[in-house]
2 protein chains.
Amino acid sequence: MSQTATPQIKGARLLASLQALGQIGALPGGGVNRLAFSDADRLGRDWAVARMRELGLRVEVDAIGNIFGHSPGVQDVAPVMMGSHIDTVRTGGLYDGNYGVLAALEVVRTLREAGVTPQRPLTLAIFSNEEGARFQPDMMGSLVYVGGMPLHEALAARDAEGLTVAAELQRIGYQGTAPVGAPRVDSYLELHIEQGPVLERQGLQIGVVEGVQGISWTEFTMQGQSNHAGTTPMDMRHDAALVAAQVAVHARELAQRMGGRQLATVGALQLSPNLVNVIAQKAVFTVDLRNTDGAALALAEAELMAYAARAAEAEGVQLTARALARFEPVVFDAALVDLVQSQAQALGCTHMRMPSGAGHDAQMLARVCPSAMIFVPSVGGLSHNVREHTEAEDLLRGAQLLLQVVLALANRTS
Amino acid sequence: MSQTATPQIKGARLLASLQALGQIGALPGGGVNRLAFSDADRLGRDWAVARMRELGLRVEVDAIGNIFGHSPGVQDVAPVMMGSHIDTVRTGGLYDGNYGVLAALEVVRTLREAGVTPQRPLTLAIFSNEEGARFQPDMMGSLVYVGGMPLHEALAARDAEGLTVAAELQRIGYQGTAPVGAPRVDSYLELHIEQGPVLERQGLQIGVVEGVQGISWTEFTMQGQSNHAGTTPMDMRHDAALVAAQVAVHARELAQRMGGRQLATVGALQLSPNLVNVIAQKAVFTVDLRNTDGAALALAEAELMAYAARAAEAEGVQLTARALARFEPVVFDAALVDLVQSQAQALGCTHMRMPSGAGHDAQMLARVCPSAMIFVPSVGGLSHNVREHTEAEDLLRGAQLLLQVVLALANRTS
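Being a predicted model, the structure only gives us computed values, none of them experimental.

**Points about the overall build of chain A**
For chain A, the count of helices and strands is 12 helices and 16 strands. Along the three orthogonal principal directions, the C-alpha set of chain A runs to about 85 × 45 × 40 Å. The buried share of chain A, reckoned over its 414 residues, is 63%. Counting contacts in chain A only where the partners sit at least 6 residues apart, residues at least 24 apart contribute 80% of the total. Averaging the locations of the 31 positively and 41 negatively charged side chains of chain A gives two centres separated by 4 Å.

Encoded structure:
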């Protein structure tokens, strides 16, 4: 590699492309709706593929609709991959996923304009249905890509209206022929907005992501007895709402007591019959537990379940629990995380090492190659929200860091 | 009054009339739906009025649709009134209200058949819209009857479809001409199912009702901040669901600590956006507090409000509270309650003095004349439920007690 100055991302162009993609599926008043495999998703894909072709990338679509843009290196070896997704939730913002894809596009464009060809090929990846807002599971495209889910299962997933992934992929013209399940990738980098408040509150520019925390979702159903709130003495009650409330309060206490990176949230709760003067017969609610430490997460699950069982028994309420989701924590490649950190330092960015609180395609790629992520701050910590925002200078800084990490990776001699 | 044996209620006839009225608005599989001023209510009223006329009662309908059947006494003085209601909730049972009306009808019939004419006239009352399930407030008919609510306000009340009480009363032919607001009643007796589990659990036959507990309904709204459950550290949360749960748990603790007749129920709770992985932005929930002691009830309200404010502040959540209903406790006439108790003793019934947990027309009548109530056991404490049930022997026993109390009242010399 020639010892020229490092190529510099053009911020205005990056912002313009984010705005342009944000027009597709735009919601009145702001934000965007490009649910996976919808008409808006098709238009977004068409737009992104057109940008790849303008750059002369070789475009490939695989059997689950993942899109790859290949840029050759000096050597014909496994590529360094950059990627993310462009599908959104129903009321999403302009940055979640899209930022990682468009910054990667800008990295390739900037290197080409500077006449820089890295030793290793670069691949730009757009993974299908990361959000899981229409078809479950989320991170579907990257999961199938790495062989974590059989293709036919993913293609058979149905949305609320009964449409399958297979039918919708065909309809929008993105069921490709490239194989899935055993990718050949040198390493994977994903740039993403934090989607949380930590960097902003700490006044830092870059998050060096060490891994993705483990997730445990449980749905509890408490079955009590419906009775008149005015005629049933306190000691004769079997109040499902009370036990639900006790578990919610306990979940918070548990997270505070365990400390560290333990999170606990009761976000959904439904009472029946849900009337002011009737003791609840049934309470259905969810507990979302997360931890970067798998053993601690398992402990939190066990403690919460034991508490819920005790509380239900004390009230004479019947408890059932159903696992909705369970992912072990993912630890990113130590050397790659160190490389991100050293490049952040070299670029003069204030930064911190942190876990990702949300799931990302990078955690799937981590199954098959060294992977890591870069976070930039989210204003107010907002995401999955039409008011999702990241400042222009942060967007530019993240993209420049991505460029430098990728360049170092693709030119490394080891 | 001649010293003959006390006339005896015919149980089979009482049961048959309960079944007959229960056919009107019957639900498939059991139970009944005779919402106030509906077609089914009209048919129920027609049936009841026909029974009154068969007995030769002088039937009168007032301006809010209350129906009265008058039976003359030896003297032309203010009548002893027995009554209740025949409207039901949407999925009601056969006994709530109907039992009091039909037992009163049976009392009149039994006295007539025995050739007994009491000194004072007897009036059988069927009050409009006691349930409040379609038009609010509940106990509307008796409230207007005693002058507690202006007639025009009650007539202007609208159901969920926008229909007024006035229009519906006219439609079903029950807007009468008898005046409301200043009734002339000697005393009022209401026989009712307990609608709670106390008598059954205590193994007792009769509840001698001393009054109706005070009711305080408050709707709390907690406004927090919606955020990602995976990316928002525990100490940066403004979780509306947590504060709602804390208040629900505290309400139970408060009732237990206060003891006595303090009741506390959180029966309705709605979270927004109500998703497993999103911290709740908003929680709207109700607290139902009841106590037979007005001062204690006010204390419970104040304590709960203070706790809710502290909990909201600690979590950085904004609290607003709205009173949905507030009734002071009603204490029934001591001499009349004593009379009920002494007649229960005379009849050899096991009994206890108790408050009513639910509201009843008797609490409105208590504003204008000595009033009291008699309770019989509810199987399983169930009411406002198609499975509402009271055993035949309990129904008969309650009606016989009503007869004896009314006879004693109507023949008293004082």
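**Notes on the packing of aromatic side chains**
Residue and element names in this part refer to chain A. A complete count under the given rule lists 12 aromatic pairs over all chains for this structure. Each ring, one from F68 and one from Y145, has its centre 5.0 Å from the other, and the planes form 35°; the classification is tilted. Taken together, the residues F68 in strand β2 (residues 67-71) and Y145 in helix α4 (residues 140-145) connect sequence positions 77 residues apart. Comparing F68 with Y145, the two get one shared label, buried. Feature note: the residues F68, F127, Y145 and Y188 constitute an aromatic cluster, connected by ring pairs. Above the face of the W47 ring, R51 is positioned so that its terminal group lies 5.0 Å from the ring centre.

**Focus: the domain arrangement of chain A**
All names here are of chain A. By the assigned domains, chain A splits into domain 1 (11-212 + 329-410) and domain 2 (214-327). Taken together, the contacts link 7 residues of domain 1 with 8 residues of domain 2. Of the roughly 610 Å² buried between domain 1 and domain 2, counting both surfaces, carbon and sulfur atoms make up 64%. Of all residues in domain 1, the largest losses of buried area upon contact with domain 2 belong to P329, P355 and G357, amounting jointly to 64% of the total for that side. Across the contact surface, domain 1 and domain 2 share 0 salt bridges. Counting across the domain 1 and domain 2 interface gives 1 residue pair in polar contact (both at pLDDT 80 or more). A total of 3 residues in the side of domain 1 that touches domain 2 trace back to one element, the largest contributor, which is strand β15 (residues 351-356). Classifying every residue of the side of domain 1 that touches domain 2 by side-chain character gives 5 nonpolar, 1 polar and 1 charged.

**Things to note about the side chain of H192(B)**
All names here are of chain B. Along the chain, H192 turns up in strand β5 (residues 187-193). Judged by its relative accessible area of 0%, H192 is buried. Ignoring anything within four residues of it in the chain, the contact list for H192 reads S84, H85, D96, G97, Y99, H360, M373, I374, F375 and V376.

**A few points about the interface of chain B and chain A**
Each partner contributes residues to the interface: chain B has 54 residues there, and chain A has 54 residues. Across the chain B/chain A interface, buried area totals approximately 4500 Å², and carbon plus sulfur atoms make up 59% of it. Looking only at chain B, the three residues that lose the most surface to chain A are M234(B), R252(B) and V276(B), adding up to 16% of its buried area. If you look at where chain B meets chain A, you find 2 salt bridges. The salt bridge involving E315(A) is made with R252(B); its shortest N-O contact spans 2.8 Å. Scanning the region where chain B abuts chain A turns up 14 residue pairs in polar contact (both at pLDDT 80 or more). Listed by contribution, the elements that provide at least two residues to the side of chain B that touches chain A are α7 (198-202), β8 (227-228), α8 (240-258), β9 (263-265), β10 (269-272), β11 (278-279) and β12 (282-291) of chain B. Residue contributions to the side of chain B that touches chain A peak at 8 residues, all from α8(B). Each residue belonging to the side of chain B that touches chain A can be placed in one class, and the counts come to 25 nonpolar, 21 polar and 8 charged.

**Focus: the pairing of strand β12 (residues 282-291) of chain A**
Within a regular beta strand, the side chains point alternately toward one face of the sheet and then the other, so they alternate between its two faces. Residues and elements named next belong to chain A. The buried count for β12 comes to 8 of 10 residues, which makes it a mostly enclosed element. The sheet contact formed by strand β7 (residues 214-223) and β12 spans 10 bridges and is antiparallel. By the bridge assignment, E219 is partnered in β12 with T286. With 3 bridges connecting them, strand β9 (residues 263-265) and β12 associate as antiparallel partners. In the strand pairing of β12, T265 is matched with D288.

**Examining the environment of L289(B)**
Residues and elements named next belong to chain B. Looking at where L289 falls in the secondary structure, it is placed in strand β12. For the pair L289 and T218, spaced 71 residues apart in sequence, the C-alpha separation works out to 8.5 Å. Contact partners of L289, with chain neighbours within four places excluded, come to G214, I215, S216, Q262, L263, A264, L297, A300 and E301.

**Observations regarding the environment of L263(B)**
Locating L263(B) in the fold gives a position in strand β9. For the pair L263(B) and P273(B), spaced 10 residues apart in sequence, the C-alpha to C-alpha distance is 30 Å. Filtering out sequence-adjacent residues up to four positions away, L263(B) remains in contact with A229(A), G230(A), T232(A), P233(A), M234(A), R237(A), Q213(B), A255(B), D288(B), L289(B) and R290(B).

**A short note on the relation of the copies chain B and chain A**
It takes a turn of 180° to lay chain B on chain A, together with a shift of 0.0 Å along the axis; the resulting RMSD is 0.1 Å. Each copy turns onto its partner about a two-fold axis. Distance from the rotation axis, computed per C-alpha, reaches its smallest value in chain B at A245(B): 2.2 Å.

**Brief notes about helix α2 (residues 39-54) of chain A**
The periodicity of an α-helix, 3.6 residues per turn, causes residues three or four positions apart to be oriented the same way. Residue and element names in this part refer to chain A. Compared with the 22 Å implied by 1.5 Å per residue over 16 residues, the 23 Å span of α2 between its first and last C-alpha is a close match. Among the residues of α2, A40, D41, G44, R45, W47, A48, V49, R51 and M52 are the ones counted as buried. Where the residues of α2 are buried, they touch α1 (11-23), β1 (58-61), β2, α3 (98-113), β4 (122-126) and α6 (165-172). G56 occupies a position one or two residues after α2 and carries a positive phi of about 80°.

**Notes on helix α8 (residues 240-258) of chain A**
Residues and elements named next belong to chain A. Here α8 spans 27 Å end to end across 19 residues, near enough to the 27 Å set by a 1.5 Å rise per residue. By the criterion of burial, α8 is predominantly enclosed, with 15 of the 19 residues buried. You can read the cap of α8 off the contacts: a side-chain oxygen lies 2.9 Å from the backbone nitrogen of A241, and it is on D239. Looking one or two places after α8, you find G259, whose phi comes out positive at around 65°.

**Concerning the side chain of E168(A)**
Residues and elements named next belong to chain A. Residue position: E168 is located in helix α6. By relative accessible area, E168 is classed as buried at 5%. Residues in contact with E168, not counting those within four places in the same chain, are F37, R134, F135 and L163.

**Section: the pattern of salt bridges**
One pass over the structure, following the stated rule, counts 46 salt bridges over all chains. Put simply, K10(A) and E113(A) hold a salt bridge, and the shortest N to O gap is 3.5 Å. Taken as a pair, K10(A) in the segment before α1 and E113(A) in helix α3 lie far apart in primary sequence, 103 residues in all. On the accessibility criterion, E113(A) (47% relative accessible area) is partly exposed. R322(B) is paired through a salt bridge with E219(B); the nearest N and O atoms lie 3.3 Å apart. Pair noted here: R322(B) is in strand β13 (residues 318-327) and E219(B) is in strand β7 (residues 214-223), with a separation of 103 residues, a long-range link. Through salt bridges with shared partners, a single network forms among D39(A), R42(A), R134(A), D159(A), E168(A) and R171(A).

**What about the layout of surface pockets?**
The volume enclosed by the largest pocket comes to roughly 1200 Å³. Taken together, 40 residues make up the lining of the largest pocket; nearest its centre are L275(A), N277(A), V278(A), V89(B) and H384(B). Elements represented by at least two residues in the lining of the largest pocket include exactly β8 (227-228) of chain A together with β7 and β13 of chain B. Here the second largest pocket defines a volume of roughly 1000 Å³.

The rules behind each value
All residue numbers here refer to positions counted from 1 along the written sequence of the relevant chain. Naming scheme: in the order in which they are written, chains are lettered from A and ligands are numbered from 1. Reporting in this predicted model follows two pLDDT cut-offs: at least 70 for local features of residues, and 80 or more for side-chain atom pairs to be given and counted; totals over whole chains, interfaces and linings ignore these cut-offs and use all residues. Side-chain metrics rest on all non-hydrogen atoms present in the structure, leaving aside hydrogens and water. A run of H or I in DSSP becomes a helix once it reaches four residues, and a run of E becomes a strand once it reaches two; helices and strands are each numbered from the N terminus. Residue exposure (1.4 Å probe, protein chains only): buried if accessible area is under 20% of the type maximum, exposed if over 50%, otherwise partly exposed. We call two residues in contact whenever any of their non-hydrogen atoms come within 4.5 Å of each other. All tallies of charge rest on Lys and Arg as positive and Asp and Glu as negative; His and the ends of each chain are not included. We put the charge of a Lys on NZ, of an Arg on CZ, of an Asp on CG and of a Glu on CD. Side-chain rings of Phe, Tyr and Trp (the six-membered ring for Trp) are treated as a pair once their centres are within 6.5 Å; stacked means planes under 30 degrees apart, edge-to-face means over 60, and tilted covers the remaining angles. Two conditions define a charge located above a ring, namely a distance within 6 Å from the ring centre to NZ of Lys or CZ of Arg, and an angle within 35 degrees of the ring normal. An automatic or database domain assignment is the source of the domain bounds shown. Buried area is understood as the total, over both parts, of accessible area removed when two parts are fitted together, assessed with a 1.4 Å probe. We define a salt bridge as a contact between a side-chain nitrogen of Lys or Arg and a carboxyl oxygen of Asp or Glu at a distance within 4 Å. Any pair of nitrogen or oxygen atoms within 3.5 Å is treated as a polar contact; in protein, a donor-acceptor pairing is required on top of that, and neighbouring residues in sequence qualify only through side-chain atoms on both sides. Residue polarity is assigned by list, with Asp, Glu, Lys and Arg as charged and Ala, Val, Leu, Ile, Met, Phe, Trp, Tyr, Cys and Pro as nonpolar; anything else, Gly included, falls into the polar class. In this scheme, strands are said to pair when DSSP sees at least two bridges between them. Alignment of the copies relies on least squares applied to C-alpha atoms, considering only residues that score at least 70 for pLDDT in both. A helix is expected to span 1.5 Å multiplied by its residue count minus one. In this analysis a 1.4 Å probe is tested at points of a 1 Å grid over the protein atoms alone, and where it fits but cannot get out there is a cavity; an open set with protein on both sides within 12 Å along at least five of seven lines is a pocket; lining residues have an atom within 4 Å of a point. Grid points are joined across faces, edges and corners, and a volume is the space filled by probe spheres set on the points.

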